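Listed below are the residues making up each chain.
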Amino acid sequence: MNVSEMMTWKEFRTALVANPMLDLQFQYAEDKWVSPSYHITELKYAPITSVDCGGVVNKWTEIIIQLWEPENQQQLKSMKVRKAVSIIELVEKSLNIEADAVVKVEFGNQEYDTRQLLPKAFIKDEENFIIDLRPDVTQCKAIERGGSCGTTPAGEECCAPSAVKPKIQLKNLVTQEGNSCEPGSGCC
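Below is a short write-up of the structure. (Residues numbered from 1 in each chain as written. Predicted model: local features only at pLDDT ≥ 70, side-chain atom pairs only at ≥ 80, totals over all residues. Heavy atoms only, no water.)

**So, the packing of aromatic side chains**
Alright, step 1. One pass over the structure, following the stated rule, counts seven aromatic pairs.
Alright, step 2. Measuring from ring centre to ring centre gives 5.4 Å for Phe-26 and Tyr-38, while their planes differ by 90°; the resulting arrangement is edge-to-face. A residue pair is termed long-range when its members are at least 10 positions apart, and Phe-26 in strand 1 (residues 23-29) and Tyr-38 in the loop between strand 2 (32-33) and strand 3 (39-51) qualify at twelve residues.
Alright, step 3. Residue classification places Tyr-38 among the buried positions, given a relative accessible area of 3%.
Alright, step 4. On the basis of an interplanar angle of 50° and a centroid distance of 4.6 Å, the ring pair of Tyr-28 and Tyr-112 is categorised as tilted. Within this pair, whereas Tyr-28 is found in strand 1, its partner Tyr-112 is found in strand 6 (residues 112-124), the two being separated by 84 residues in sequence. (Phe/Tyr/Trp six-rings, centres within 6.5 Å; stacked < 30°, edge-to-face > 60°. Helix = DSSP H or I, 4+ residues; strand = E, 2+ residues; numbered from the N terminus. Buried < 20%, exposed > 50% of the residue type's maximum accessible area, 1.4 Å probe, protein only.)

In structure tokens:
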């Protein structure tokens, strides 16, 4: 995982704390907004350990902020950033969140399948603090570090197309009459 391109918990939290009086809004796609009635339902602390296709163990931590939209819009303005910060502070009393943990926001509604999104940018105006979210993408860690995907000792890549498949030659095991094993012949 190329965590250097992803927002850390420290960056995310610092930006929120610096803007307590603004309305906190989330944009999940171009011109698509999370309803101002949203709730921050939980923060998930997810330590990840994986082995990539090149056989290398990778470890990182993710903090996943889950947003929920109630079916009926309950308010016309989003919560203030300071309310989100108070939720974060409450969570931090129970969890020791690493400063370099990767931040993701989990969101879905009737028009948008639930998924984890990455905060890509903060946009501020006089009233609003907008977190611009974009979908995460899959990646090949082995290729990103200049390697290949599961290279064999002979230097062949597991994902490369094989050369020519060897042809299997079938042999007739019955070479002469009487040399075959038939039921009742006593050879078995």
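**Considering the environment of Ala-101**
Alright, step 1. Structurally, Ala-101 is set in the loop between helix 2 (81-92) and strand 5 (102-109).
Alright, step 2. Considering only alpha carbons, one finds Ala-101 and Met-7, 94 residues apart in sequence, at a separation of 8.3 Å.
Alright, step 3. In this structure Ala-101 touches Met-7, Thr-8, Trp-9, Thr-61 and Ile-63, once residues within four positions along its chain are discounted. (Contact = heavy atoms within 4.5 Å.)

**Remarks on helix 2**
Since the α-helix packs 3.6 residues into each turn, any two residues three or four apart lie on the same face.
Alright, step 1. The end-to-end C-alpha separation of helix 2 is 16 Å, in line with the 16 Å expected for twelve residues at 1.5 Å each.
Alright, step 2. Regarding helix 2, the residues found buried are Val-81, Ala-84, Val-85, Ile-88 and Val-91. Down the axis of helix 2, the buried set is contained in an arc of 115°. They therefore lie on one face.
Alright, step 3. Here the buried face of helix 2 lies against helix 1 (9-17), strand 1, strand 3 and strand 7 (128-135). (Expected span 1.5 Å × (residues − 1). Arc of directions from axis to C-beta.)

**Quick look at the environment of Asp-113**
Alright, step 1. By the element assignment, Asp-113 lies in strand 6.
Alright, step 2. Non-local contacts of Asp-113, meaning those with residues more than four positions away in its chain, are made with Phe-107 and Gly-108.

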